[in-house]
Amino acid sequence: MNDLIRTVLRDHGRLPVPMETLADSDDLYRAGMASHASVNVMLGLEDAFDVEFPDRMLTRGVFASVDAIAAALTELGLGAPA
Amino acid sequence: MTATADDLLAGVARAAQIAATHADDVDRQARFPREAMDELAGCGALAALVPVELGGLELGLDVLAQSCVLLGRACGATAMVFAMHTIQVACLVRHRKDSAWFEAYLRELVATPRLIASATSEVATGGNLGASSAALEPQPDGQLRFDKKAPTISYGAEADDLLTTLRRSPDAEPGDQVAVLTRRGQHELTETGRWDPLGMRGTCSPGFAVTATVGPAQVLPEPFDRISAITMVPVSHVLWSHVWLGIATDAFERARAFTRAGAQRDPAGGDANGRRLSTLLGELSLLRAAVAAGLAELTTATADDDFAGLMTMAAALRFNTLKTTASTSAPQVCWSALAMCGISGYRNDTPYSVGRHLRDALSGSVMVANDRLHATNARLLLVVKDV
Ligand SMILES: Cc1cc2nc3c(=O)[nH]c(=O)nc-3n(C[C@H](O)[C@H](O)[C@H](O)COP(=O)(O)OP(=O)(O)OC[C@H]3O[C@@H](n4cnc5c(N)ncnc54)[C@H](O)[C@@H]3O)c2cc1C
């Protein structure tokens, strides 16, 4: 799951640093992800995992790290994080 | 409503009367509405949100919103100064955590009223509240220093204290921000231009270069993205909208007085203006309903555990829409009132003048550009489910 999350972040996150340099727990906003880009990440995740995030999950915090995104997807019933 | 809320509103009503007396002079001279602001300070309105445990009245946002309407009906600039100050107090109250420095500050605010201005926009980043260029720079003695070029600081020259957004540190990303409160004497403000705008002239909002040195205790303990989502943005949009509603309401009342005077002079005359007034009441009612709904939703969301609802994109979309809608419809109401009053509305020296109202209300769409908010909303609309 985390690999696919990383692929989405690489394609949509427009981070100023390579994804490989970030740990799963690193804060993506601190690493420079703009709020513009985070919306693209959400759309990308919904597409890649074929899910819909309910409004209560559409917050900055839920998309703040690879781990946080994995936890959110798990909450939506997508298997335990790898 | 409690006795203290009634007392406060009585004080605000007195201030509104004073504001109305000076509104034209404040507007003409683009001067600070000193007389009305002194009355607001005197009746405790500047500290009305401070919790009881810190000696304050702990009044609800509804009372402050109602105050903004009362003041807005009298003088848009006075109302806007009061709204902006109240927004800063709301941020301090809600995001102080258990900071001893901020608690002492709020106690002091109750005992001796102080006026707080804000420097959130920046020359480099414009009206994008969520990004800063200027940063807090740690000094060898443990103090923090900053330089910020602010395009607009309302009542900057009059304010006692200043709440400034900055990057957390020199190597922080633009979105990694904090809010810092500096007191008079700790900051130096150098005016970088004159203030000669179309409207809201009494807010006295020129650009300033700000430099300051403060202790770390004066940095609000919560990150600014949280302060912004939970308090600064929704409270700003709700209170500003109430100010614009107040301005539009007075423009409507002037058109109504004009229509009534016409009917008295010529009882047999046509009722064209009466019918226009009825249409205009519909427009005003829609604005009033939008503004009331915004306040009600904010009040409900504020009761959530840890303000969870306010952290969502759906909430951002909701309160951005309140702002763009109210700032668009308030000047339209003023414009219709002007059309009804004709030359009497267009002139600046009749009881039916609404030029100031129109000019003041037009500030709403540039006070954080509506285009910017629509661009943000366009993105939010791609992911938010329930609008
Ligand atoms: C009466 C008044 C008092 C104010 N008081 C204060 C104060 O005390 N403290 C403070 O910090 N600020 C204050 N402001 C806000 C501040 O002056 C401006 O809102 C802010 O500086 C933005 O300025 P700007 O319009 O040049 O920049 P921008 O926000 O950059 O916008 C400029 C123009 O660019 C376009 N634009 C920008 N971004 C986008 C986008 N993403 N999508 C589409 N179009 C876009 C818009 O058409 C916009 O009109 C006040 C404003 C007013 C009117």
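Parameters at a glance
- Residues numbered from 1 in each chain as written.
- Chains lettered and ligands numbered in written order.
- Predicted model: local features only at pLDDT ≥ 70, side-chain atom pairs only at ≥ 80, totals over all residues.
- Heavy atoms only, no water.
- Helix = DSSP H or I, 4+ residues; strand = E, 2+ residues; numbered from the N terminus.
- Rg over C-alpha atoms; globule rule 2.2 N^0.38 Å.
- Buried < 20%, exposed > 50% of the residue type's maximum accessible area, 1.4 Å probe, protein only.
- Contact = heavy atoms within 4.5 Å.
- Areas by Shrake-Rupley, 256 points an atom, 1.4 Å probe, with all protein chains shown as cover.
- Lys, Arg positive; Asp, Glu negative; His and termini not counted.
- Charge placed at Lys NZ, Arg CZ, Asp CG, Glu CD.
- Pairing = 2+ DSSP bridges.
- Core = buried A, V, L, I, M, F, W, Y, C linked by side-chain atoms within 4.5 Å.
- Domains from an automatic or database assignment.
- Buried area = accessible area lost by both parts, 1.4 Å probe.
- Salt bridge = Lys/Arg side-chain N within 4 Å of Asp/Glu carboxyl O.
- Polar contact = N/O pair within 3.5 Å; in protein donor to acceptor, adjacent residues only side chain to side chain.
- Nonpolar A, V, L, I, M, F, W, Y, C, P; charged D, E, K, R; others polar.

1. A word on the overall build of chain B
The helix and strand tally for chain B stands at 11 helices and 7 strands. Against the 2.2 N^0.38 benchmark of 21 Å for 387 residues, chain B shows a C-alpha radius of gyration of 21 Å, consistent with a compact globule. With respect to the three principal axes, the spread of C-alpha positions in chain B is 80 × 45 × 45 Å. Counting only residues that meet the buried cut, chain B has 55% of its 387 residues in that class. A fraction of 76% describes how many contacts in chain B between residues 6 or more apart in sequence connect residues 24 or more apart. For chain B, the exposed area adds up to about 15800 Å²; of that, 54% sits on carbon and sulfur atoms. Of the charged side chains in chain B, 35 are positive and 42 negative, and the gap between their average positions amounts to 6 Å.

2. Quick look at the environment of Gly185 of chain B
Residue and element names in this part refer to chain B. One can find Gly185 in the loop between strand S5 (177-183) and strand S6 (187-191). A relative accessible area of 74% means that Gly185 is categorised as exposed. Between the C-alpha atom of Gly185 and that of Val110, which follows or precedes it by 75 residues, the distance is 20 Å.

3. Topic: the sheet that holds strand S7 (residues 208-214) of chain B
Residues and elements named next belong to chain B. If you trace the 4 strands from one edge of the open sheet to the other, you get S2-S3-S7-S6, paired in antiparallel fashion. At either end of the open sheet lies a strand with only one pairing partner, and these are strand S2 (137-138) and S6. Across 5 bridges, the pairing between S6 and S7 is antiparallel. Bridging across to S7, Glu191 finds its partner in Phe208.

4. Remarks on the nonpolar core
In terms of nonpolar packing, the biggest core is built from 120 residues, with Met80, Leu92, Leu239 and Val243 of chain B touching the most fellow members. The leading source of residues in this core is helix H6 (residues 224-265) of chain B, at 18 residues. Among all residues touching Met80 of chain B, those that are not within four sequence positions of it are Met200, Thr203, Trp240, Val243, Trp244 and Met367 of chain B. Formed by 34 residues, the second largest nonpolar core is a distinct cluster that contains Ala31, Phe49 and Val62 of chain A together with Val383 of chain B.

5. Looking at the domain arrangement of chain B
All names here are of chain B. Annotation of chain B at the domain level lists domain 1 (3-114), domain 2 (117-218) and domain 3 (224-381). Computed over C-alpha atoms only, the centres of domain 1 and domain 2 are separated by 22 Å. With 24 residues of domain 1 at the contact, the number on the domain 2 side is 19 residues. Summed over both partners, the interface of domain 1 with domain 2 buries about 1800 Å², with 62% contributed by carbon and sulfur atoms. The tally of links between domain 1 and domain 2 comes to 3 salt bridges. The closest approach of N and O atoms between Glu158 and Arg34, which form a salt bridge, is 2.6 Å. The tally of links between domain 1 and domain 2 comes to 7 residue pairs in polar contact (both at pLDDT 80 or more). Secondary-structure elements contributing two or more residues to the side of domain 1 that touches domain 2 are helix H1 (3-29), helix H4 (76-95) and helix H5 (100-111). Ranked by the residues each element gives to the side of domain 1 that touches domain 2, the list is headed by H4, at 9 residues. Tallied by class, the residues present in the side of domain 1 that touches domain 2 amount to 14 nonpolar, 4 polar and 6 charged.

6. A look at the pairing of S5 of chain B
All names here are of chain B. Counting buried positions along S5 gives 6 out of 7 residues, so the element sits mostly inside the fold. Inspection of the sheet shows strand S4 (residues 161-167) paired to S5 by 7 bridges, in the antiparallel sense. Bridge pairing in S5 links Asp161 to Arg183.

7. Topic: the interface of chain B and chain A
In this assembly, 14 residues from chain B lie in contact with 19 residues from chain A. Where chain B abuts chain A, roughly 1400 Å² becomes buried across the two surfaces, and 60% of that area is made up of carbon and sulfur atoms. Three residues, Met313, Arg379 and Lys385 of chain B, lead the burial of chain B against chain A; their summed loss comes to 40% of the area buried on that side. Joining chain B to chain A, the criterion identifies 3 salt bridges. On inspection of chain B and its partner chain A, the count reaches 9 residue pairs in polar contact (both at pLDDT 80 or more). Counting only elements with at least two residues in the side of chain B that touches chain A, the list comes to helix H8 (313-341) and helix H11 (370-383) of chain B. The element contributing the most residues to the side of chain B that touches chain A is H11 of chain B, with 3 residues.

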